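# Residue-level structural notes
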Amino acid sequence: MSYRKLGRNSGARKALFKSLLAALFKYERIETTEAKAKELRKFADKVVTLAKRGDLSARRHAIQMVDDVEVVHKVFETLPEKFKEREGGYTRILKLGPRRGDAAPMVLMELV
């Protein structure tokens, strides 16, 4: 499986995705770079699928991925009803343009 390394070692990359996932589910939209958003989409879809499953094992796995128990509780309470008809593609990425400092392409990532 290929993935973007984002200029980080594995520990820093895992910590980055945990914090981005927590922010995405807490605020339901985040502003980040396009590369980070495209990688984050995979993890976000997995967490929503786990929430739709709803059992204890799925909740523990989601806590491992997100690392914020309150956010996981919110995800398991609200998102299964919201996405019960949808099979996948729970996030939307809208391009915002380049960042002022380094011209990195910025996007707005939100839950559909």
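Right above here is the structure, for reference.
Here the residue index of a chain counts from 1 through its sequence in written order. In view of the model being predicted, local features appear only for residues whose pLDDT reaches at least 70, and side-chain atom pairs are presented and counted only at 80 or more, with totals across whole chains, interfaces and linings using the full set of residues. Side-chain measures here rest on the full set of heavy atoms in the structure, leaving out hydrogens and waters.

## What to know about the nonpolar core
- To qualify as a nonpolar core, a set must consist of buried Ala, Val, Leu, Ile, Met, Phe, Trp, Tyr and Cys residues joined through side-chain atoms within 4.5 Å. Classification of residues uses two cut-offs on accessible area relative to the type maximum, computed with a 1.4 Å probe and protein chains only: under 20% is buried, over 50% is exposed, and between them is partly exposed. Ranked by internal contacts, the top residues of the largest apolar core, which has 29 residues, are F25, L40, V47, V75 and F76.
- Secondary structure elements follow DSSP: runs of H or I of four or more residues count as helices, runs of E of two or more count as strands, with numbering from the N terminus. Elements with a contribution of two residues or more to this core: helix 1 (10-27), helix 2 (34-53), helix 3 (56-66), helix 4 (69-82) and strand 3 (105-111).
- Beyond its immediate sequence surroundings of up to four residues, F76 is in contact with L50, A51, G54, D55, A58, R59 and A62. Should any heavy atoms of two residues lie within 4.5 Å, those residues are considered in contact.

## Thoughts on the pairing of strand 3
- Counting buried positions along strand 3 gives six out of seven residues, so the element sits mostly inside the fold.
- For two strands to be treated as a pair, DSSP must find at least two bridges joining them. Across five bridges, strand 1 (residues 29-33) lies against strand 3 in antiparallel orientation. Opposite I30, over in strand 3, you have M109 as the bridge partner.
- As paired strands, strand 2 (residues 91-98) and strand 3 are joined by seven bridges and run antiparallel to one another. Its bridge partner being in strand 3, R92 is matched across the sheet by E110.

## Digging into the packing of helix 2 against helix 3
- Axes, fitted as lines to C-alpha atoms, cover a helix only where it is in contact. Angles between the N-to-C directions of the axes lie from 0 to 180 degrees. Taken N-terminus to C-terminus, the directions of helix 2 and helix 3 make an angle of 155 degrees; their axes are 8 Å apart at the nearest point. Of the possible angle classes, the one that applies to helix 2 and helix 3 is roughly antiparallel. Where helix 2 crosses over helix 3, the handedness of that crossing is left-handed. Note on element contacts: helix 3 touches helix 2 through S57, A58, H61, A62, M65 and V66, opposite F43, K46, V47, L50 and R53.
- Residue classes follow a fixed rule: Ala, Val, Leu, Ile, Met, Phe, Trp, Tyr, Cys and Pro count as nonpolar, while Asp, Glu, Lys and Arg count as charged, and any other residue, Gly among them, counts as polar. Here the residues of the contact of helix 2 with helix 3 are counted per class, giving seven nonpolar, two polar and two charged. Angle categories: roughly parallel below 35 degrees, roughly antiparallel above 145, roughly perpendicular from 65 to 115, and oblique for all the rest. Put simply, a crossing is left-handed when the front helix is turned counterclockwise from the back one by less than a right angle, and right-handed when it is turned clockwise.

Everything listed here is a matter of coordinates, which is why it stays silent on function.
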